[in-house]
Amino acid sequence: MSVKPALSKNIDSLEDDLVELAGALVASQSVTGNERPAQEVVIDRLKLLDIKPDVWEPDADVLRGHKGFFETSSFVEYGYEGRPNVAAHIEGGNGRTLTVGGHIDVVDVTPAEWERDPWKLTKEGDTVYGRGVADMKGGIAAVLIALEAIQEVGVDLGGDLIFQSTIEEEDGGVGGTLSTLERGYVPDAAIIAEPFAVPNVCVASAGVMYFKIHVPGKSVHAAWGHEGVNAIGKAAKIYQSLEKLDNDRKSSIDYPPAYRQNPELEGNVTNLNIGTIESGDWPSTVPSEAVLEGRIGWPPGETRDEVRSQIECAVESVANDDEWLTEHPPTVEWFGWQASPHETPSDAEIVKVATEAGEAVTGKTASLVGGNAGLDERFFQRYYDVPAISVGPKGYNLHGADEHTTVTSLLETSETIAHSIIDYLGTE
Ligand SMILES: [Zn+2]
């Protein structure tokens, strides 16, 4: 029997194991900043497979000089102590090297919004629910099951395989994937099992930046309000200017891969959101400052500096038309996420390999799609010139209540990744 049918058969027989492993990962509640409990599950599984895990905590001082570095919000809040990455080097022949894996952290939950327990995998027919079951603990479990199947079938790979389970992707991935690459785990290509609905292959991610705008006012008692300057009123003008910028960008920026998977994204491939506003103490005082926090996301095509300067100009244009703000200019501060977009060339061999594997496994036609959020894959492509793609399960309500995927698509992910490993590395 040729090796691929044997692998598929083996993976099918591991269905219960796959669901159980995904369930153990969901139950470990690894919200960004607290990745360790889930990494313990990964380490135990690698040991069970006789694969030696490399476990380390990232060092921000070592990473700081890198072009892709920024201080992530979770680093600022928790530091990197007690937040290990896990990687493993599985030796094969003298051929190429392939990385497979993903991120182990998940975003937090609002339990009241969930109909099910977010921290317990709930299986209803083919559907499985739980925080991270789609994004992307299901994918990590599918990759680990693929490794197990390759081992059980007894395949000798023609090149080395790297497995990685990394921290803080949801916060920018600096301490995770960037740290892993800087530790020396640089492959010739990478497959990350993010939920892009196999057989689709994700070849791009969006740039993402966070910013804070400090808007000065002048504080007085409300009864003498005419002598003060209300910072909330000034902030409202800035909000409107940014809203206009967002609309202008939406109507002029296009990126088809972003809406191939989700047609609703057409005309919305870039987005600018003000997410928080803080100002004032109580109704009887004119507030002396307002602070707006926002996020901008954009597809490949523009640089970080170009996008930054558009935001700064939109703020400046309000100040130029306002006597108070001309004398007391608002300031823009960049914090947290500062990621550039990435795009893996669609003719890269790993794209072809994964597309063909996914189509053979699912019997469906693959699309090349692009994420509308930031992804760790950018570190491979942008800074190491390593083609990186995502192949993973279906995903519904990602980051929301009752996040779910299907067992079928998890099995298909596992098979597609196993077949891609065989095709990319070859066998001996
Ligand atoms: Zn993800």
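Check the entry above for the structure.
To start, this report covers the structure provided alongside it. For clarity, every value in this text was computed on a predicted model and none was experimentally measured.

So, about the packing of helix H2 (residues 15-27) against helix H6 (residues 137-153). Where H2 contacts H6, the axes come no closer than 9 Å and their chain directions differ by 135°. Here H2 lies oblique to H6, going by the angle between them. The interaxial crossing formed by H2 with H6 has right-handed handedness. Across the interface between the two elements, Asp-17, Leu-18, Leu-21, Ala-22, Leu-25 and Val-26 of H2 pack against Lys-137, Gly-138, Ile-140, Ala-141, Ala-142, Leu-144, Ile-145 and Glu-148 of H6. Counted by class, the contact of H2 with H6 contains 10 nonpolar, 1 polar and 3 charged residues.

Taken as a whole, the largest pocket encloses approximately 680 Å³ of empty space. What lines the largest pocket is a set of 28 residues, and nearest its centre among them are Phe-196, Gly-371, Asn-372, Ala-373 and Leu-398. Along the lines of polarity and charge, the residues of the lining of the largest pocket split into 13 nonpolar, 9 polar and 6 charged. In this model, the second largest pocket occupies a volume close to 270 Å³. Lining the second largest pocket are 14 residues, and of these Thr-32, Ser-73, Ser-74, Glu-77 and Asp-171 sit closest to its centre. Per-element tally for the lining of the second largest pocket: the top contributor is helix H5 (residues 73-78), with 4 residues.

Tetrahedral metal sites with four donors have an ideal angle of 109.5 degrees; octahedral sites with six donors have ideal angles of 90 or 180 degrees. Note on the zinc ion: its protein donors are His-103 (NE2), Asp-135 (OD), Glu-194 (OE) and Glu-194 (OE). The metal-donor distances range over 1.9 to 2.7 Å. Considering all 4 donor atoms around the zinc ion, the spread of angles at the metal, 53 to 150°, places the coordination shape in the irregular class. In primary sequence terms, the donor set of the zinc ion follows H-x31-D-x58-E. With His-103 in strand S3 (residues 97-103) and Glu-194 in the loop between strand S7 (189-192) and strand S8 (201-205), this pair connects stretches of sequence that are 91 residues apart. On the accessibility criterion, His-103 (1% relative accessible area) is buried.

A rise of 1.5 Å per residue sets the reference length of helix H3 (residues 36-48), with its 13 residues, at 18 Å; its end C-alpha atoms lie 18 Å apart and thus fit the reference within 8%. Listed in full, the buried residues belonging to H3 are Ala-38, Gln-39, Val-41, Val-42, Ile-43, Arg-45 and Leu-46. Looking at the packing, one finds that the buried side of H3 touches H2, strand S1 (54-56), strand S2 (85-90), H6 and strand S6 (160-166). Among the residues trailing H3, Asp-50 stands out with phi positive, at a value near 65°.

What counts, and at which threshold
- Residues numbered from 1 in each chain as written.
- Predicted model: local features only at pLDDT ≥ 70, side-chain atom pairs only at ≥ 80, totals over all residues.
- Heavy atoms only, no water.
- Axes fitted to C-alpha atoms, helices over the stretch in contact; angles between N-to-C directions.
- Helix = DSSP H or I, 4+ residues; strand = E, 2+ residues; numbered from the N terminus.
- Parallel < 35°, antiparallel > 145°, perpendicular 65-115°, else oblique.
- Left-handed = near helix turned anticlockwise from the far one by under 90°.
- Contact = heavy atoms within 4.5 Å.
- Nonpolar A, V, L, I, M, F, W, Y, C, P; charged D, E, K, R; others polar.
- 1 Å grid on protein atoms, 1.4 Å probe; cavity = no way out; pocket = protein on both sides within 12 Å on 5 of 7 lines; lining within 4 Å.
- Points joined across faces, edges and corners; volume = space filled by probe spheres on them.
- Donors = N, O, S within 2.8 Å, 3.2 Å for Na, K, Ca; no water.
- Tetrahedral: all angles 85-135°; square planar, octahedral: opposite > 155°, others 65-115°.
- Buried < 20%, exposed > 50% of the residue type's maximum accessible area, 1.4 Å probe, protein only.
- Expected span 1.5 Å × (residues − 1).

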